[in-house]
Amino acid sequence: MPTAREVPARLLPVPTTVSPQMQKIIGAPISPTWKDFPKTAEDWKAQVDAAATASARALPAMREALAVKLEPLTIDGVKAYALTPAVIPPENRNRLLIHVHGGCYVSNPGESGTGEATMMAGFGRFKVISVDYRMPPDHPYPAALDDAMTVWKAVAKTTDPKNMAIFGSSAGGALTLSMVLRAKLDNVPLPGAIAPGTPMSDLTLAGDSFATNAMVDNVLIAPSTSCDARAALYANGHDLKDPLLSPVYGDMRGFPPTILNSGTRDLLLSNTVRVHRKLRQAGVVAELHVHEGQAHGGWYRDASAPESKEAFEEIARFFDNHLGK
């Protein structure tokens, strides 16, 4: 067995190779309570609700800046939101994107989960439906996947699946991949393309960057902390290697064209890289974009950062190349 390498303690400077907005995100301090997370269902709900309220406050200004309208929906009993840009170009008028939000399967309920969808609608100029799926502690696996699939099956009856894409990051990235695996199992039409960002594709915590980027990522910080505690609530005792929980272990043959995003400081960089290799081994068209200096999901933290606009426009170009019209 090869020996582990000891790495000396060192200071990590904020890179000067990114925008001032991104430097601020990268340089943000790690939360002093990163090891402290709720132990009861009631405490989880209180923490999630407080964070959701804070997140939602910033969204009206973002929608105004990006000229995006939000409308609550219910689709076959599942809550969702439509994000519609003020101008939809002709090539996108028969297209629709389905968004599954992140939050380690427990966080970002309601409107608070629509930030990434808003940026995709605004920068990409697509209509987006963001699924407000049920979450733990009240609704563990497979509730989130069931809700996302309910929405997918419903919209696939009114819009050609080849004209639609599924996207989302973190838990939403894993759900994007799991939706395709589930659609294959259920003989449901697949989307024309997908964009799983920094997906939580392996809940067993296998992968190099769980070690190399521990305490480097100022969002997820380290393995076996808050995000993994939330994922455990979702898994609810199921085998963590089940491909519908850890999609990197699934059969990716026949997947639609896929664009993946991560960052050099992302704790889930290896999760993302391993999915990319699995897709390429299966003969799938797949692009991997690794962003300079960014921790987990850095490209959707600030809509004013040029890196955010660039990332979403890159995804939009990929969708334009692979979706029907």
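Bear in mind that the values here come from a model prediction, so they are computed numbers and not experimental data. (Residues numbered from 1 in each chain as written. Predicted model: local features only at pLDDT ≥ 70, side-chain atom pairs only at ≥ 80, totals over all residues. Heavy atoms only, no water.)

(A) View of the pattern of salt bridges. Here the structure, examined in full by the defined rule, presents eleven salt bridges. Measuring nitrogen to oxygen at the nearest pair gives 4.0 Å for the salt bridge that ties Lys153 to Asp186. Of this pair, Lys153 sits in helix α5 (residues 143-155) while Asp186 sits in the loop between α6 (171-185) and β6 (193-197), and the two are 33 residues apart along the sequence. Owing to a relative accessible area of 35%, Lys153 belongs among the partly exposed residues under this scheme. (Salt bridge = Lys/Arg side-chain N within 4 Å of Asp/Glu carboxyl O. Helix = DSSP H or I, 4+ residues; strand = E, 2+ residues; numbered from the N terminus. Buried < 20%, exposed > 50% of the residue type's maximum accessible area, 1.4 Å probe, protein only.)

(B) Seen up close, the nonpolar core. If you look at the biggest cluster of nonpolar residues, it comprises 54 residues, and the most contacted ones within it are Trp152, Met200 and Phe255. Contributing elements (two or more residues each) for this core: β2 (78-85), β3 (96-100), β4 (128-131), α5, β5 (164-169), α6, α8 (226-235) and α9 (269-281). Each residue touching Met200, except ones within four places of it in the same chain, is listed here: Cys104, Tyr105, Ser170, Ala171, Ala174, Cys227, Ala231, Leu245, Pro247, Leu268 and Asn271. If you look at the next biggest cluster of nonpolar residues, it comprises 28 residues, including Ala117, Ala165, Trp299 and Phe319. (Core = buried A, V, L, I, M, F, W, Y, C linked by side-chain atoms within 4.5 Å. Contact = heavy atoms within 4.5 Å.)

(C) Geometry of the sheet that holds β6. Taken in spatial order, the eight strands make up an open sheet running β1-β2-β4-β3-β5-β6-β7-β8, and their pairing is mixed. Only two strands of the sheet have a single partner each, and these edge strands are β1 (68-75) and β8 (286-291). Strand-to-strand twist of the sheet, defined as the mean angle between neighbouring strand axes without regard to direction, takes the value 20 degrees. Pairing between strand β7 (residues 258-263) and β8: six bridges, direction parallel. Across the sheet, residue Gly263 finds its bridge partner in β8, namely His291. Contacts from α9 reach β7 and β8, with the element oriented near 155 degrees to β7. Against the sheet, helix α10 (residues 306-322) engages β3, β5, β6, β7 and β8, with an angle of about 155 degrees to β6. (Pairing = 2+ DSSP bridges. Axes fitted to C-alpha atoms, helices over the stretch in contact; angles between N-to-C directions.)

(D) Region of interest: the state of the cysteines. Scanning the model with the defined rule gives one disulfide in all. Put simply, Cys104 and Cys227 are joined by a disulfide, and their sulfur atoms are 2.0 Å apart. Handedness here is read from the sign of the S-S torsion; for Cys104 and Cys227, about -105 degrees, the answer is left-handed. Within this pair, whereas Cys104 is found in the loop between β3 and α4 (115-124), its partner Cys227 is found in helix α8, the two being separated by 123 residues in sequence. By the burial criterion, Cys104 is buried, and Cys227 matches it. (Disulfide = S-S within 2.5 Å.)

(E) Spotlight on the packing of aromatic side chains. Inspection of the entire model under this criterion finds six aromatic pairs. A ring pair is formed by Phe126 and Phe319, whose centres lie 6.2 Å apart and whose planes are at 80 degrees; its orientation type is edge-to-face. Taken together, the residues Phe126 in the loop between α4 and β4 and Phe319 in helix α10 connect sequence positions 193 residues apart. Using a relative accessible area of 1% as the deciding quantity, one classes Phe126 as buried. Exposure remark for Phe319: the relative accessible area of 0% places this residue in the buried category. Cluster of aromatic residues (ring-pair linked, three or more members): Tyr105, Tyr141 and Tyr234. Looking at Lys39, its charged tip hangs above the ring of Phe37, at a distance of 4.7 Å from the centre. (Phe/Tyr/Trp six-rings, centres within 6.5 Å; stacked < 30°, edge-to-face > 60°. Lys NZ or Arg CZ within 6 Å of the ring centre and 35° of its normal.)

(F) Geometry of helix α2 (residues 41-57). Given a rise of 1.5 Å per residue, 17 residues ought to cover 24 Å, and the 25 Å separating the end C-alpha atoms of α2 matches this to within 8%. Considered for burial, the residues of α2 that qualify are Trp44, Val48, Ala52 and Ala56. Viewed end-on, α2 has its buried residues packed into an arc of 85 degrees, placing them on one side of the element. Exposed side of α2, more than 90 degrees from the buried face: Glu42 and Arg57 are the residues found there. Where α2 is buried, its residues contact α3 (59-66) and α8. (Expected span 1.5 Å × (residues − 1). Arc of directions from axis to C-beta.)

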